[in-house]
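Each chain, written out:
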Amino acid sequence: MTEFESAKATINDVASHAGVSKKTVSRVINNELNVRPETRERVQKAMAELNYYPNLSARSLASKRSYLVAMLYFDVGAYYLHQLQGGMLDHFSMRNYSLLMQPCEGSPEQILALVEHKARYMNIDGFVLVPPLVCMSPLTSLLKRLGKPYIRITPREEYDGFSEVLCDDEQASYELTTHLIQQGHKTIAFVRGNPECLSTITRYEGYKRALLSHGLPVDEQYVVAGTSECRSGVVAAKTLLQRPVRPTAIFGSNDDMAAGVLSVAHELNIAVPQALAVAGYDDSPLAKQSWPGLTSVKQPNRRMAEIAANKLIDKIEKIDNTDYPQNIACEVIYRNSTEGWQAKLEAVAGSKTEEAV
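Predicted model, so just to flag it, every value in this text is computed and none were measured.

From N to C terminus, the protein includes 15 helices and 11 strands. Residues counted as buried form 50% of the 357 residues belonging to the protein. Across the protein, contacts joining residues at least 24 apart in sequence account for 72% of those joining residues at least 6 apart.

Below, the structure written as structure tokens:
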């Protein structure tokens, strides 16, 4: 077969060359799961030998799909957004879909108008919603009315097991708070984040569970509301560090706010971790670059993005798949901002014992 002839190969040619049906070739092209590995390999080999590429325009016309999905986001950190995008791109591409990154700004009415316009005139097949848009009930109502499948990443409520991807923030927050308790801390403050986000609730619940399970009270004077921004961490730290009994540890429910706490500690000449332990959440680049390095929680953002991508395509293509995990584990990353406080206590206790002798 000449190069010119191979460029004109059709799906029928591929089927004949591979010794399978046209429907099987279509299933391989669409990356459907119900194809045996050896059959998939044979079809892919035939496609390569014939230099065959699917006609996406014809495919879209035949299926009445655009093979385009959109991720809607607003007021989200660049690092978090980059991880989600990276996790989704590969998996959408593997299943022959393209990803549109769509920022949503303005009033709720403007956001709804933008999404409806994109959904109708670009014929977007499905949507991924990122916090805080996951909490915008008029948006999900719009998508339902338009008949557009969607997946929400860590929504605050309304779970159905098929339209969301969740991670176990509560358990990770429990583990981090337990680490602080095991370091010898008994007065541990907590800076809450954006009240519209599920993570704000679950991280606080993990903090409370750790205190209560270790016989420590939950004292609301050591719980301060933040906004998830660094400056709110600064305000929270100044409030907490002026308490008559100062906390010996502050857990910020994201790295930005924890960085704000660190800056106030440095400004007040409070040594970290010797006089104050500080922990954050997200394990962003900021956690690694701060001084001292910030103990934090690494969320499985790329894994969550991969699951969101595959879940959405399954919904679009009406594939029943219940093999997805419902709550993905996080990992606590221990760094110098929380290490050594117990050692200091023991050293002080030891010196007092020597003085008494």
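Take the nonpolar core next. Nonpolar side chains in soluble globular proteins tend to be buried together. In this structure, Met71, Met88, Phe92 and Ile153 are the most contacted members of the largest nonpolar core, which totals 48 residues. Filtering out sequence-adjacent residues up to four positions away, Met71 remains in contact with Leu81, Leu84, Met88, Leu99, Leu100, Met101, Gln102, Val128 and Val130. Formed by 22 residues, the second largest nonpolar core is a distinct cluster that contains Ala189, Leu241, Val264 and Leu294.

A word on the sheet that holds strand E5 (residues 164-165). Across the sheet, 5 strands lie side by side as E2-E1-E3-E4-E5; this open sheet has parallel pairing. Looking at which strands have only one partner, the edges of the open sheet turn out to be strand E2 (98-103) and E5. With 2 bridges joining them, strand E4 (residues 150-153) and E5 adopt parallel strand pairing. The partner of Ile153 across the bridge, within E5, is Val165. Sheet strands touched by helix H6 (residues 78-94): strand E1 (68-73), E2, strand E3 (126-129) and E4. Its angle to E2, the strand with the most contacts, is close to 155 degrees.

Another point: the pairing of E1. Of all 6 residues that make up E1, 6 are buried, and the element is covered over most of its length. Both E1 and E2 contribute to a ladder of 6 bridges, which runs parallel. Following the sheet pairing, Tyr73 is matched in E2 by Pro103. Note that the unit made of E1, H6 and E2 has a crossover that is right-handed. Two strands pair when backbone bridges link them, and E1 and E3 are joined in this way by 4 bridges, in the parallel orientation. Among the inter-strand pairings, Met71 is bridged to a residue of E3, identified as Val128.

What follows concerns the sheet that holds strand E9 (residues 277-279). Across the sheet, which stays open at both edges, the 4 strands sit in the order E7-E6-E8-E9 with parallel pairing between neighbours. Of all strands in the sheet, those bounded by a partner on one side alone are strand E7 (223-225) and E9. In this sheet, neighbouring strand axes are inclined to one another by 15 degrees on average, regardless of whether the strands run parallel or antiparallel. Strand direction decides the pairing type here: strand E8 (residues 249-252) and E9, joined by 3 bridges, are parallel. Bridge pairing in E9 places Ile250 opposite Val278. Lying over the sheet, helix H9 (residues 169-182) contacts strand E6 (188-192), E8 and E9, oriented at roughly 170 degrees with respect to E8. In the packing of helix H10 (residues 198-213) onto the sheet, contacts are made with E6 and E7, and the angle to E6 comes to roughly 170 degrees.

In the structure shown here, the tally under the stated rule is 5 aromatic pairs. With a centroid separation of 4.8 Å and an interplanar angle of 25 degrees, the aromatic rings of Phe190 and Tyr207 are classed as stacked. Of this pair, Phe190 sits in strand E6 while Tyr207 sits in helix H10, and the two are 17 residues apart along the sequence. Residue classification places Phe190 among the buried residues on the basis of a relative accessible area of 0%. Aromatic side chains Tyr204 and Tyr207 sit 6.0 Å apart centroid to centroid with 25 degrees between the ring planes, which places their arrangement in the stacked category. Of this pair, Tyr204 and Tyr207 are both found in helix H10, 3 residues apart, which corresponds to roughly one turn of the helix. Pair check on accessibility: Tyr204 and Tyr207 agree, each one buried. Above the plane of the ring of Tyr150 lies Lys315, whose end atom (NZ or CZ) is 5.2 Å from the centre.

Further remarks concern H6. Taking 1.5 Å of rise per residue, the 17 residues of H6 would be expected to cover 24 Å, and the 24 Å separating its terminal C-alpha atoms lies within 8% of that figure. Along H6, the residues classified as buried are Tyr80, Leu81, Gln83, Leu84, Gly86, Gly87, Met88, His91 and Phe92. In this structure, the buried side of H6 is in contact with E1, E2, E3, E4 and helix H14 (301-316). Looking one or two residues beyond H6, the residue adopting positive phi is Asn96, at roughly 65 degrees.

Within the secondary structure layout, Glu41 lies in helix H4 (residues 37-49). The exposed category is assigned to Glu41, whose relative accessible area is 56%.

Attention shifts here to the side chain of Thr295. By the element assignment, Thr295 lies in the loop between helix H13 (285-289) and strand E10 (296-298). Of the polar contacts made by the side chain of Thr295, one reaches the side chain of Thr338; its length is 2.8 Å. Leave out the neighbours within four places in its chain, and Thr295 touches Leu176, Val278, Ala279, Gly280, Ile333, Tyr334, Arg335, Ser337 and Thr338.

The rules behind the values
Residues numbered from 1 in each chain as written. Predicted model: local features only at pLDDT ≥ 70, side-chain atom pairs only at ≥ 80, totals over all residues. Heavy atoms only, no water. Helix = DSSP H or I, 4+ residues; strand = E, 2+ residues; numbered from the N terminus. Buried < 20%, exposed > 50% of the residue type's maximum accessible area, 1.4 Å probe, protein only. Contact = heavy atoms within 4.5 Å. Core = buried A, V, L, I, M, F, W, Y, C linked by side-chain atoms within 4.5 Å. Pairing = 2+ DSSP bridges. Axes fitted to C-alpha atoms, helices over the stretch in contact; angles between N-to-C directions. Right-handed = clockwise from strand over helix to strand, strands pointing away. Phe/Tyr/Trp six-rings, centres within 6.5 Å; stacked < 30°, edge-to-face > 60°. Lys NZ or Arg CZ within 6 Å of the ring centre and 35° of its normal. Expected span 1.5 Å × (residues − 1). Polar contact = N/O pair within 3.5 Å; in protein donor to acceptor, adjacent residues only side chain to side chain.

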